[in-house]
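This is what each chain is made of:
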Amino acid sequence: MRDAVARFVPDGASICMGAALEALIPFAAGHELIRQRRRDLTVIGPISDMLFDQLIGAGCVSRVIAAWVGNVSAGLGHNYRRAVEKQVPAPLEVQDHSNLTIAFALQAAALGVPYLPAHSLLGTDLPRSNPTFRSAADPWSGAPLLLVPAIRPDVAILHVQRADEEGHAHVWGTLGVTRQAAFAARRVILVAEEIRPRARILSDPGLVLAPALKVAAVVHEPFGAFPSPVQGHYRRHHDFYHRFHDESRTVEGWERWLEHWVRGVADWKGFLARLDAGILDALRVTRPLPSEPLDYGA
């Protein structure tokens, strides 16, 4: 993880993370961004749960393009709120979206078009808070439209269940805008639970996320999305989210959390080693439910 972040995520980069909403959130990558003290980042995503809140609190982020920032099961994000209301630890620019318009913005970039039209935000205040949206009329009916501009991240950091070393990856479950992000971004970093042989991945081509030529790096990081869930591997650890909510309520509490879980360890393995014994085993899938095999024979 250290090398991938160092090579492909410079200061000032725009990064799409948390593309699968509440699942497959690349916390291992986010913590490495903090340890490498990245600055002036733009973070892009629909929800991201508490990952964006952590990056904001660590002073890594100057702009957020998102539908929501917080801690889904516990409530608001304290670091995000401090940054918006009090400029602590630094001022923060916010471009408000809905989940749908984030998807449209990434899809527009994936298609290579400047925008996609939408109806869903008409009549809301979001176009007032986000000046990148444009009002227009349908050229056929004259009906009002909202034009959602394309968003092309410099990097999409995407957690997947399995990948090969060349960048072919399989991902399943709740995907959110994972596929749109992979095609929209200039480059992709894959964080994989498992590394499989190329032939095994390509044996089910319908599951392959994106062309390998989009992928700049593949990182093998088991439990790299903890505490978020990864279908087929482990469940969500609800208590970790609630404890973070309580401990980050004050700046002092947040700094203690940051030192213990992120800055005080060398890497993700160090983070996992600080968890109470038995937590990871308790979250592992215990009742496999494999899908029906497909036959690609001619």
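Structural notes, computed from the coordinates.

Conventions used here
Residues numbered from 1 in each chain as written. Predicted model: local features only at pLDDT ≥ 70, side-chain atom pairs only at ≥ 80, totals over all residues. Heavy atoms only, no water. Core = buried A, V, L, I, M, F, W, Y, C linked by side-chain atoms within 4.5 Å. Buried < 20%, exposed > 50% of the residue type's maximum accessible area, 1.4 Å probe, protein only. Helix = DSSP H or I, 4+ residues; strand = E, 2+ residues; numbered from the N terminus. Contact = heavy atoms within 4.5 Å. 1 Å grid on protein atoms, 1.4 Å probe; cavity = no way out; pocket = protein on both sides within 12 Å on 5 of 7 lines; lining within 4 Å. Points joined across faces, edges and corners; volume = space filled by probe spheres on them. Nonpolar A, V, L, I, M, F, W, Y, C, P; charged D, E, K, R; others polar.

1. A word on the nonpolar core
(1) Moving on: Ranked by size, the top nonpolar core spans 91 residues in total, and within it V9 and L55 carry the most contacts.
(2) Moving on: Per element, the largest residue contribution to this core is 6 residues, and it comes from strand β10 (residues 155-163).
(3) Moving on: Excluding its chain neighbours within four sequence positions, the residues that come into contact with V9 are A4, I15, L33, R38, L41, V155, I157 and I189.

2. What to know about empty space enclosed by the protein
(1) Moving on: Scanning the model with the defined rule gives 2 cavities of 30 Å³ or more in all.
(2) Moving on: Of the pockets and cavities examined, the largest cavity occupies roughly 50 Å³.
(3) Moving on: Surrounding the largest cavity, G18, A19, A20, L24, P26, I157, L158, H159, V171 and T178 form its lining.
(4) Moving on: Ranked by the residues each element gives to the lining of the largest cavity, the list is headed by β10, at 3 residues.
(5) Moving on: By residue class, the composition of the lining of the largest cavity is 7 nonpolar, 3 polar and no charged.
(6) Moving on: Surrounding the second largest cavity, G167, A182, V188, L190, L209, A210 and V215 form its lining.
(7) Moving on: Of the residues assigned to the lining of the second largest cavity, the class counts are 6 nonpolar, 1 polar and no charged.

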